[in-house]
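# Inside the fold
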Amino acid sequence: MDLFSESWAALRTAVAGLADEDFARPSGCAGWLVRDLVCHLIIDAQDVLITLVTPTDREPTRNAVTYWEVSSTPPSGDDPLDAVTVRLAAAYEEPWLLKFHLDDLGAAAGRAAVLADPDLRVGTRDEVFEVGEYLRAYVMEWTLHHLDLVAHLPAAGLPPAAGLAESRRMLEEIAGARFPASLSDTDALLVGTGRRAPTATEVSALGELAARLPMILG
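Scope of this entry: the structure provided in the associated data block. (Residues numbered from 1 in each chain as written. Predicted model: local features only at pLDDT ≥ 70, side-chain atom pairs only at ≥ 80, totals over all residues. Heavy atoms only, no water.)

### Structural notes on the packing of aromatic side chains
Cut-off, in case you're wondering: Pairing of aromatic side chains here covers Phe, Tyr and the six-membered ring of Trp, requires ring centres within 6.5 Å, and sorts the geometry by plane angle: under 30 degrees stacked, over 60 edge-to-face, intermediate tilted.
Scanning the entire structure with this criterion turns up nine aromatic pairs. An aromatic cluster is defined as three or more aromatic residues linked by ring pairs; in this entry it consists of Phe4, Trp8, Tyr67, Trp68, Phe129, Tyr134, Tyr138 and Trp142.

### Considering the pairing of strand E3 (residues 127-130)
As a reminder, the rule being used: For two strands to be treated as a pair, DSSP must find no fewer than two bridges joining them. Runs of H or I in DSSP of at least four residues are treated as helices and runs of E of at least two as strands, each being numbered from the N terminus.
Relative to E3, strand E2 (residues 121-124) runs antiparallel, the two sharing four bridges. Paired with valine 122 across the two strands is phenylalanine 129, which belongs to E3. The hairpin turn running from E2 into E3, its antiparallel successor, is two residues long, and arginine 125 in that turn takes a positive phi close to 50°.

### What about a negative patch on the surface?
Let me state the cut-off plainly: For patch detection, residues must exceed 30% relative accessible area and be free of salt bridges, and they are connected within 9 Å for like charges or within 5 Å for nonpolar side chains (Val, Leu, Ile, Met, Phe, Trp, Tyr). Methods summary: accessible areas were calculated by the Shrake-Rupley approach with a probe of 1.4 Å, and residue burial reflects only the protein chains presented. Throughout this description, the term salt bridge denotes a Lys or Arg side-chain nitrogen within 4 Å of a carboxyl oxygen of Asp or Glu. Note on charges: Lys and Arg go in the positive column, Asp and Glu in the negative column, and His and the chain ends are not counted at all. Charged groups are reduced to one reference atom each: NZ for lysine, CZ for arginine, CG for aspartic acid, CD for glutamic acid. The buried label goes to any residue with under 20% of its type's maximum accessible area, the exposed label to any with over 50%, and the partly exposed label to all in between, with areas taken from a 1.4 Å probe on protein chains only.
On the surface, Asp20, Glu21, Glu93 and Glu94 cluster together into a patch of negative charge. For glutamate 21, a relative accessible area of 52% gives the class exposed.

### A word on the pattern of salt bridges
Should the charged atoms of two oppositely charged side chains come close, the side chains can pair. All told, the structure shown has 15 salt bridges when counted by the stated rule. The salt bridge partner of arginine 169 is glutamate 166, with a shortest N-O separation of 2.8 Å. Separated by three residues within a single helix, arginine 169 and glutamate 166 lie in helix H6 (residues 161-175), roughly one turn from each other. You can call glutamate 166 buried: its relative accessible area is 11%. One salt bridge in this structure joins arginine 168 and aspartate 185, with 3.0 Å as the shortest N-O distance.

### Regarding the nonpolar core
Condition: In plain words, nonpolar cores are sets of buried Ala, Val, Leu, Ile, Met, Phe, Trp, Tyr and Cys residues tied together by side-chain atoms within 4.5 Å. Residues count as neighbours in contact if any of their non-hydrogen atoms are within 4.5 Å of one another.
Residues Phe4, Leu149 and Phe179 are the most contacted members of the largest nonpolar core, which totals 60 residues. Here the element with the most residues in this core is helix H5 (residues 131-149); it accounts for eleven residues. Sequence-distant contacts of phenylalanine 179, that is, excluding residues within four places in its chain, are made with Arg168, Leu171, Glu172, Ala188, Gly192, Leu206, Leu209, Leu213 and Met215.

Dropping the structure here:
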């Protein structure tokens, strides 16, 4: 729960510190500008709020690791929801409106997470999670999108170290293998999820795992 809050607060702070012109820069999400990514974060915050007030008595069907659908194929950009996000982001017109909406919804989602019972079961997308597991999955979401946000804005700073380390552990659980110690947590996440190609040295260090990468998380 604390790691969710720390990762989410750091990401919202990074967005709040962006200059207007930064919103028109590319993000680390293929085909998305920074403004599109921020719009996606607003939708994420809405999803968190909706899920935390959707209790269920059903047995859990997924946890923080099995939350993720894994593919080896990068997004094509043809997904209708991705297209809606881009159009919605453009409709905001002014960056300050995106900042305001993220701050408003994001703060509410953060408060809801703090107040939630980690053992409560909630439903989303026809799946059931314990709240603690659902929020743990979002540590990965916030951390990866923080890396996406700063991909071309290095001065904006990296996600919290604890979030990077926990996200690496989750990615290793998903992969069923450890990334070599020679890769930092940031590099393991970027290479492992296809956000950048591995160098020749990294391919050698990855060994057999290299053939199974990238793991595209959705």
